[in-house]
Amino acid sequence: MIIVKGLNKQYGRIPALKNIDLVFLDGAVYGIVGENGAGKTTLFRCLAGLETCTGEIVSDLTPLKNHLGLLLTEPFFFSKITGREYLQLSCNARGIKNHTIEERNIFDLPLNQYASTYSTGMKKKLALTAILLQENQYFILDEPFNGVDIQSNIIITQIILKLKELKKTVLISSHIFSTLKETCDQIFVLKEGALVKSVSKEQFDLLETEMKDVSVGNKIDRLGLK
């Protein structure tokens, strides 16, 4: 379990997160949605210990960052490290004795190739594989479906459901609402750094309709398409 109390983050004088209170339970999947700049990635980085912030973050396992796998929107890899070496280093960082990397390469990545030469989707799949092999309790997936092929998206969806079955805690941001509906137990809506809504599963369809109305409105008519 992760408990967030009164979390605030500012970049200079600009507030990025405003007094966020959240509870994430074991065995549950949570969606974090909002427009670009709403604070989703900043929240994730604060939870992962990559950003300083005020407020309180409490977890059953401490320090939280040692039990958390973070999938960034755009994973970074050093120029001279192969996919295999990256996976091995990730396991070493958690003290995991993993001798079955080839067998666990479910995305069929070219592990002997430099990771920096991978396509966008391949990089994301490599980074995801790495945090899964670490046997983390908590997972934060920032736009895990973007830039990834359809077949891999299906696999990622099933991975998320399996993590839920294993009583892991999973946080996801995604602009693809259908993936959130399929995987999440609860969705939190951020707007301009503030938590404005908490939506349970039975209300997902209503939330999707509301988001479409806000996003689209009369914008298509304004284009004057002919």
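As a reminder, the structure under discussion sits directly above these lines.
Conventions we followed
Residues numbered from 1 in each chain as written. Predicted model: local features only at pLDDT ≥ 70, side-chain atom pairs only at ≥ 80, totals over all residues. Heavy atoms only, no water. Helix = DSSP H or I, 4+ residues; strand = E, 2+ residues; numbered from the N terminus. Rg over C-alpha atoms; globule rule 2.2 N^0.38 Å. Buried < 20%, exposed > 50% of the residue type's maximum accessible area, 1.4 Å probe, protein only. Contact = heavy atoms within 4.5 Å. Areas by Shrake-Rupley, 256 points an atom, 1.4 Å probe, with all protein chains shown as cover. Lys, Arg positive; Asp, Glu negative; His and termini not counted. Charge placed at Lys NZ, Arg CZ, Asp CG, Glu CD. Pairing = 2+ DSSP bridges. Axes fitted to C-alpha atoms, helices over the stretch in contact; angles between N-to-C directions. Core = buried A, V, L, I, M, F, W, Y, C linked by side-chain atoms within 4.5 Å. Parallel < 35°, antiparallel > 145°, perpendicular 65-115°, else oblique. Left-handed = near helix turned anticlockwise from the far one by under 90°. Nonpolar A, V, L, I, M, F, W, Y, C, P; charged D, E, K, R; others polar.

1. A short note on the overall build of the chain
Counting secondary structure elements, the chain contains seven helices and nine strands. Compactness check: the chain gives a C-alpha radius of gyration of 18 Å against a globular reference of 17 Å for 226 residues, within 12% of the reference. Each of the three principal axes of the chain carries a C-alpha extent, and together these read 55 × 50 × 35 Å. For the chain, with 226 residues in total, the buried portion stands at 44%. For the chain, the proportion of contacts with a sequence separation of at least 24, taken over those separated by at least 6, is 66%. Total accessible area on the chain is roughly 12300 Å²; 53% of this is exposed by carbon and sulfur atoms. Taken as two groups, the 27 positive and 25 negative side-chain charges of the chain have centres that lie 5 Å from each other.

2. Remarks on the environment of E51
The topology assignment puts E51 in the loop between α1 (40-47) and β4 (54-59). Using a relative accessible area of 19% as the deciding quantity, one classes E51 as buried. A sequence separation of 42 residues divides E51 from K9, and the C-alpha atoms of the two residues are 8.5 Å apart. If sequence neighbours within four positions are ignored, E51 has contacts with K9, Y11, R45 and C46.

3. Focus: the sheet that holds β4
Spatially, three strands are ordered β2-β1-β4 in an open sheet, and the strand pairing comes out antiparallel. The open sheet has two edge strands, β2 (14-24) and β4, and neither has a second partner. Taking each pair of neighbouring strands and ignoring which way they run, the sheet shows an average axis angle of 20°. On top of the sheet, α1 reaches β1 (2-11), β2 and β4; it is set at about 115° to β1, its chief contact.

4. Quick word on the nonpolar core
Counting residues in each nonpolar core, the largest one holds 37 residues, and the members touching the most others are L126, L128, L141, I160, V170 and I187. Here this core gets six residues from one element, more than from any other, and that element is helix α3 (residues 120-133). The residues contacting V170, other than those within four sequence positions of it, are A28, V29, Y30, F139, L141, I160 and L163. Counting 23 residues, the second-largest nonpolar core is a separate cluster that includes I20, Y30, I32 and I140.

5. Looking at the side chain of Q134
Tracing the backbone through its elements, the reader meets Q134 in the loop between α3 and β6 (138-142). With a relative accessible area of 11%, Q134 lands in the buried category. Those residues within four positions of Q134 in sequence are excluded, and the remaining contacts are S90, R94 and I96.

6. Digging into the packing of helix α2 (residues 83-93) against α3
The N-to-C vectors of α2 and α3 enclose an angle of 30°; their axes lie 8 Å apart at closest approach. The angle between α2 and α3 places the two elements in the roughly parallel class. For the element pair α2 and α3, the recorded crossing hand is right-handed. For the pair α2 and α3, contact is made by G83, Y86, L87, S90 and C91 and by L126, A127, T129, A130 and L133, respectively. Its residues assigned to classes, the contact of α2 with α3 comprises seven nonpolar, three polar and no charged.

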